2 protein chains.
Amino acid sequence: MGVGGQNEAAETDTWKSMVRCSANCSPLTPITFLERSAKVYRDRPSLVYGSLNYTWTQTHQRCLKLASALTQLGISKGRVVATLAPNVPAVYELHFAVPMAGAVLCTLNSRHDSAMVSVLLRHSEAKILFVDYQLLPVARGALDLLVNAQVKPPILVLIAESNSSSSTSSAAVDYEYESFLETGHSGFEIRRPGNEWDPISLNYTSGTTSRPKGVVYSHRGAYLNSLATVFLHGMGSMPVYLWTVPMFHCNGWCLTWGVAAMGGTNICLRTAHNVTNMGAAPTVLNMIVNSPVSVQRPLPHKVAIATGGSPPPPQILSKMEELGFDVTHLYGLTETYGPATYCTWQPEWNSLPVAERSRIKSRQGMHHLALEDVDIRDPVTMESVPADAKTIGEIMFRGHTVMSGYLKDLKATEEAFRGGWFHTGDLAVKHPDGYIEVKDRLKDVIISGGENISSVEVETVLFSHPAVLEASVVARPDDHWGQTPCAFVKLKEGYSADAQEIIKFCRDHLPHYMAPKTVIFEDLPKTSTGKVQKFILRKKAEALGSLS
Amino acid sequence: MGVGGQNEAAETDTWKSMVRCSANCSPLTPITFLERSAKVYRDRPSLVYGSLNYTWTQTHQRCLKLASALTQLGISKGRVVATLAPNVPAVYELHFAVPMAGAVLCTLNSRHDSAMVSVLLRHSEAKILFVDYQLLPVARGALDLLVNAQVKPPILVLIAESNSSSSTSSAAVDYEYESFLETGHSGFEIRRPGNEWDPISLNYTSGTTSRPKGVVYSHRGAYLNSLATVFLHGMGSMPVYLWTVPMFHCNGWCLTWGVAAMGGTNICLRTAHNVTNMGAAPTVLNMIVNSPVSVQRPLPHKVAIATGGSPPPPQILSKMEELGFDVTHLYGLTETYGPATYCTWQPEWNSLPVAERSRIKSRQGMHHLALEDVDIRDPVTMESVPADAKTIGEIMFRGHTVMSGYLKDLKATEEAFRGGWFHTGDLAVKHPDGYIEVKDRLKDVIISGGENISSVEVETVLFSHPAVLEASVVARPDDHWGQTPCAFVKLKEGYSADAQEIIKFCRDHLPHYMAPKTVIFEDLPKTSTGKVQKFILRKKAEALGSLS
């Protein structure tokens, strides 16, 4: 029996004077974080974007107006409002205004093309689309596709560049963000969720696979994950958070709401403002550590940086530390509201050599506060693997911050939850200390001559080669071996190495069968969050045909 | 409609693929904090008490055994298990073991006498009483009273001094704690709450009034309050917490569970162990600042100290700051799981003069993360008072960490929740910045010649007199004025002052009618948490008869 049912104990005589009323019982929702910050943090900066500055009082007022304007358009409870925009203030405000209007926020990836946007608008049945002026052509293209398919397109609201008279023609849109917001009134009565399990947002899985699924978050999950994420970022009161993680990605790991909970400041511009916290994929760390010395500047103070999205090679972690960053390694999925585990740092590790520290930190660690458990299990028998750092199994979660389900896909939802655990599709081992370490995505494993090869292990060796800037390994079909490892590599500027040298280096550091048989030098395709799009590389490797 | 009901949106076709199962849905309970710490923090110290040291793995194992032992005694779901003990390891362990057995923990105030203990055991229907060896005579006396009244007494479990062969005769008890624990097995399957609203603990209001009420906390409230309290203490990962706040008081402000959530160390001994956080009533701060210079020692690092229970005079806050403590001022009640507001510190206040800083810090501030709102309202009309720092009203709360109700007292529960807010019985003003400032308990207000006098305001002036160590002001009946202020004062050692001088000092700093007309020099009676017991002083003042 679930948490929503009758109180067993309250039914006995002893506990019958327990009462649930508005004094002690209301649905958990992150809307309350903004309401509290408007009271506690008032005139403190809530958001900075170029020359634009808002206080928490202003952000609260603006969100109320925006929610009011949404309802005036007839948005009713449970309807979807979509965005197509980078990290501009409007997207932050919509994270509160849309739930305040009782609606569900769907933040689309700003790198999608018109075709994908039209597919997702249709799937989500979005009634309104907020679009950044730079992405208006993509949005228009998507709407044209809908019209051609005789689907009613959403209302289009243009987000012009704030505080500037953007030259974008607004003839092709229904409203402009600022004037639309001004049609609302700040006395708006918030349409609070009737139930904390009501959906708050819809996040389509990002493009590492070609078929996005609509992951649904609840008000309860968003509230709890905001707190857990703030904890694992080690954020104190009033943090200054640099928005490098896209807000459209897992609602910015729920930090859109979390920064409000802490009365912090959201920096939506890529310059330093005494930044204390930020987040970035390992690819971004790689860009930082490999940036030319001429553009590197000393940090004014320690900056806490959370990384995740793919396993960060230990070498990159070492270099980040040398540069003065305090890196926390996170792991999670859209289905777990973003980060679900972190490599909780044990103080005694501080005295280890840097290489050892980085090796330890590259592990994905343990589940955060709002999850009940993480485990590595055999996906068939559902048995836990031993904590021997060797036996590979699938990472599974359960807890308060696992998605409600996939939109309009009960089959996929039930498949993901089979056995009462959420199946991540990621393969990992469990170390004797319980910390988990990702070995590969289930679908990224290369099976060569009957042996499983972890693409992550091969990549880690490639990253340790002095000339390698980026590397990604996928399966190439092979008539004899079934599959062989195929490496895509980008070299550092001013360095050179040929395929033979790279292959030899791998053979020196790996079992023979694990070394790539093919090396291709090129730029790697990435998602907007910096993850390598292996499905594209896999297609390329397939196109090469068999090596044998 | 409450959070427990049907999901409105899920009933529409759009959201029908949402699923609730063990992967994403389980009752919130602080039991999971211990389970997680046993995995993440394993061999890190969980608890230190003299020469006794436990790790999180050990604490987890011991709690499982203890829960198992409790169920072997036939403790069934929703039954009450009581303790009568100071901050010893057993009480910490029972905070997890009792809920793990599905039972409800009732921690009795260790200063109660046999008569009060017997009343509370009878009211709570406790089935087991864990008693510290030093309090065995009190417990035995209470049980005798029950037997005399033909009430079945609870099973008695003796907590001997850990790791020492206590000389207490165990002939008079049913079990001894350590051997009782050993009867359980660590493979025990936890009896998780079927519903997160199930009761987890029962806290009788402390003795500032003479009639304690049984305040009931839920698993959900305890989980959320633990996180909120950790936040407002500014605790980072793995804090070292000195247990000065009694665990029997609001479950130690829920930090019994909160320290486990953060993988911290509980220090149950009154000596320094690199302590980073502690809590204490203003009376304890007063003892610290007035301790002889000869026993004062420099702090090895900043110690964060949270204070609450009564309004701390600004003078004491100034002196604590001079000594190197970082004081956070909290306010709350047993009914709000302990701290409910804190004086959130705005960084720009750091540049103010110390007297001004202390005046600001003595305000009770704003509600924490897990509460929806605090307000000052007219208890009759339920209208909010203006934020003018002058108009007095009653402090009211609503949110996730307000009690479930008073045990066996539906009338008092409904009275406390009238109008959908929890009525605190405390009077306060709202400052223009929204921060609240307590002026008095409703029942402590002195009405003299038709004017309301805040006893707190008079006490603040008394504390500013150089000779005054402690002061408390209550009403003395008066045939002419109705009531007049009567001050009970304790002087500092080596200082002298007579009643006339004290009265003159007050007249110089207060409106004439607010100055005490009576001053009595004596030690003030206090609760175990350091609150002055005004009901005792009021009786003394009443016994004096009319002044006019």
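Quick notes on the rules
Residues numbered from 1 in each chain as written. Chains lettered and ligands numbered in written order. Predicted model: local features only at pLDDT ≥ 70, side-chain atom pairs only at ≥ 80, totals over all residues. Heavy atoms only, no water. Helix = DSSP H or I, 4+ residues; strand = E, 2+ residues; numbered from the N terminus. Rg over C-alpha atoms; globule rule 2.2 N^0.38 Å. Buried < 20%, exposed > 50% of the residue type's maximum accessible area, 1.4 Å probe, protein only. Areas by Shrake-Rupley, 256 points an atom, 1.4 Å probe, with all protein chains shown as cover. Lys, Arg positive; Asp, Glu negative; His and termini not counted. Charge placed at Lys NZ, Arg CZ, Asp CG, Glu CD. Contact = heavy atoms within 4.5 Å. Buried area = accessible area lost by both parts, 1.4 Å probe. Salt bridge = Lys/Arg side-chain N within 4 Å of Asp/Glu carboxyl O. Polar contact = N/O pair within 3.5 Å; in protein donor to acceptor, adjacent residues only side chain to side chain. Nonpolar A, V, L, I, M, F, W, Y, C, P; charged D, E, K, R; others polar. Axes fitted to C-alpha atoms, helices over the stretch in contact; angles between N-to-C directions. Parallel < 35°, antiparallel > 145°, perpendicular 65-115°, else oblique. Left-handed = near helix turned anticlockwise from the far one by under 90°. Pairing = 2+ DSSP bridges. Least-squares fit on C-alpha atoms with pLDDT ≥ 70 in both. Phe/Tyr/Trp six-rings, centres within 6.5 Å; stacked < 30°, edge-to-face > 60°. Domains from an automatic or database assignment.

### Description of the overall build of chain A
When its secondary structure is counted, chain A shows 16 helices and 26 strands. In terms of overall size, chain A behaves like a compact globule, its C-alpha atoms giving a radius of gyration of 24 Å where 548 residues would be expected to give roughly 24 Å. Counting only residues that meet the buried cut, chain A has 61% of its 548 residues in that class. A total accessible area of about 20,300 Å² is found for chain A, and carbon and sulfur atoms account for 52% of it. Looking at charge distribution, chain A has the averaged site of its 50 positive side-chain charges lying 3 Å from that of its 52 negative ones.

### Side note on the interface of chain A and chain B
Where the parts come together, the accessible area they lose is often given as the size of the interface. At the junction of the two partners, chain A supplies 88 residues and chain B supplies 88 residues. Here chain A meets chain B over a buried area of about 7,400 Å², counting both sides, of which 57% is carbon and sulfur. Seen at the junction of chain A and chain B, the total is six salt bridges. With its nearest N and O atoms 2.6 Å apart, the salt bridge here joins D373 of chain B to K39 of chain A. Here chain A and chain B share 44 residue pairs in polar contact (both at pLDDT 80 or more) between them. At the level of secondary structure, the elements contributing two or more residues to the side of chain A that touches chain B comprise helix 1 (31–40), helix 7 (219–232), strand 16 (366–367), strand 17 (371–377), strand 18 (393–399), strand 19 (405–406) and helix 13 (410–416) of chain A. The element that contributes the greatest number of residues to the side of chain A that touches chain B is helix 7 of chain A, accounting for six residues. Among the residues forming the side of chain A that touches chain B, the class breakdown is 44 nonpolar, 25 polar and 19 charged.

### Topic: the packing of helix 4 (residues 114–124) of chain A against helix 5 (residues 136–148) of chain A
Residues and elements named next belong to chain A. Helix 5 packs onto helix 4 with a crossing angle of 60° between their chain directions and a minimal axis gap of 8 Å. When the axes of helix 4 and helix 5 are compared, the pair comes out oblique. Note on packing geometry: the crossing formed by helix 4 with helix 5 is right-handed. Here S114, A115, V117, S118, L121 and R122 of helix 4 come into contact with helix 5, specifically with P137, V138, G141, A142, L143, L145 and L146. Here the contact of helix 4 with helix 5 is built from residues that sort into nine nonpolar, three polar and one charged.

### Some points on the pairing of strand 1 (residues 45–49) of chain A
All names here are of chain A. The buried fraction of strand 1 amounts to four of the five residues, a majority that puts the element mostly inside the structure. Bridging between strand 1 and strand 2 (residues 52–55) involves four bridges; their strand directions are antiparallel. Paired with P45 across the two strands is T55, which belongs to strand 2. Hairpin connection, strand 1 to strand 2: the antiparallel pair is bridged by two residues, and G50 has positive phi, about 60°. Pairing between strand 1 and strand 11 (residues 265–267): two bridges, direction parallel. Bridging across to strand 11, L47 finds its partner in N266.

### Points about the relation of the copies chain A and chain B
Once chain A has been moved 0.0 Å along the axis and rotated by 180°, it coincides with chain B to within an RMSD of 0.1 Å. Given the turn and translation reported, the copies of this chain are related as if by a two-fold rotation axis. Mapped onto chain B, 100% of the interface residues of chain A again fall at the interface, so both copies present the same surface.

### A few points about the side chain of N195 of chain B
Within the fold, N195 of chain B resides in the loop between helix 6 (177–182) and strand 8 (199–204). One polar contact links the side chain of N195 of chain B to the main-chain amide nitrogen of W197 of chain B, over a distance of 2.7 Å.

### Some remarks on the packing of aromatic side chains
All names here are of chain A. Across all of its chains, the model carries 23 aromatic pairs over all chains by this definition. On the basis of an interplanar angle of 65° and a centroid distance of 6.0 Å, the ring pair of F130 and F180 is categorised as edge-to-face. Within this pair, whereas F130 is found in strand 5 (residues 128–132), its partner F180 is found in helix 6 (residues 177–182), the two being separated by 50 residues in sequence. As far as burial versus exposure is concerned, F130 and F180 are alike and both buried. On the basis of an interplanar angle of 25° and a centroid distance of 6.3 Å, the ring pair of Y331 and F397 is categorised as stacked. Here Y331 is found in strand 14 (residues 325–333), whereas its partner F397 is found in strand 18, with 66 residues between them in sequence. Both residues of the pair, Y331 and F397, belong to the buried class.

### Here's the deal with the pattern of salt bridges
Considering all chains together, one arrives at 50 salt bridges over all chains under this definition. The partner of E93 of chain A in a salt bridge is R62 of chain A, and the shortest N-O contact between them spans 2.6 Å. Placement of the pair is E93 of chain A in helix 3 (residues 89–100) and R62 of chain A in helix 2 (residues 56–72), with a sequence separation of 31 residues. Given the relative accessible area of 10%, R62 of chain A is considered buried. Between E321 of chain A and R357 of chain A there is a salt bridge, and its shortest N-O distance comes to 2.2 Å. Of this pair, E321 of chain A sits in helix 11 (residues 314–322) while R357 of chain A sits in helix 12 (residues 354–361), and the two are 36 residues apart along the sequence. Where salt bridges share partners, they join E196 and R220 of chain A together with E196 and R220 of chain B into one cluster.

### Considering the environment of E178 of chain A
Residues and elements named next belong to chain A. Checked against the element boundaries, E178 lands in helix 6. For E178, a relative accessible area of 27% puts it in the partly exposed group. When the C-alpha atoms of E178 and T527 are compared, they prove to be 30 Å apart, with 349 residues separating the residues in sequence. Residues contacting E178, with those up to four places away along its chain left out, are Y54 and R62.

### Thoughts on the domain arrangement of chain A
Residue and element names in this part refer to chain A. Here chain A is described as being made up of domain 1 (31–231), domain 2 (281–442) and domain 3 (446–544). Taken together, the 14 residues of domain 2 in the interface contact 16 residues of domain 3. Summing both sides of the interface, domain 2 and domain 3 together bury roughly 1,100 Å²; the carbon and sulfur share of this comes to 56%. Summed over the three residues of domain 2 that lose the most area to domain 3, namely T283, K439 and D440, the buried surface amounts to 35% of that side. In this structure, the connection of domain 2 to domain 3 is made through one salt bridge. One salt bridge connects E457 with K439, and the closest N-O pair in it is separated by 3.6 Å. Here domain 2 and domain 3 share three residue pairs in polar contact (both at pLDDT 80 or more) between them. If you list the elements that add at least two residues to the side of domain 2 that touches domain 3, you get helix 10 (282–289), helix 11 and strand 21 (436–441). The leading source of residues in the side of domain 2 that touches domain 3 is helix 11, at four residues. Across the side of domain 2 that touches domain 3, the residue classes tally to six nonpolar, five polar and three charged.

### Some remarks on the packing of helix 10 of chain A against helix 11 of chain A
All names here are of chain A. Where helix 10 meets helix 11, the axes come as close as 9 Å, and the angle between the chain directions of the two elements is 55°. The orientation of helix 10 with respect to helix 11, classified from their angle, is oblique. The handedness of the crossing between helix 10 and helix 11 is left-handed. Of helix 11, the residues touching helix 10 (which contributes P282, L285, N286, I288 and V289) are I316, L317, K319 and M320. Tallied by class, the residues present in the contact of helix 10 with helix 11 amount to seven nonpolar, one polar and one charged.

### Quick look at helix 11 of chain A
Burial in helix 11 of chain A covers these residues: P314, I316, L317, S318 and M320 of chain A. The first or second residue beyond helix 11 of chain A is G324 of chain A, which carries a positive phi of 100°.

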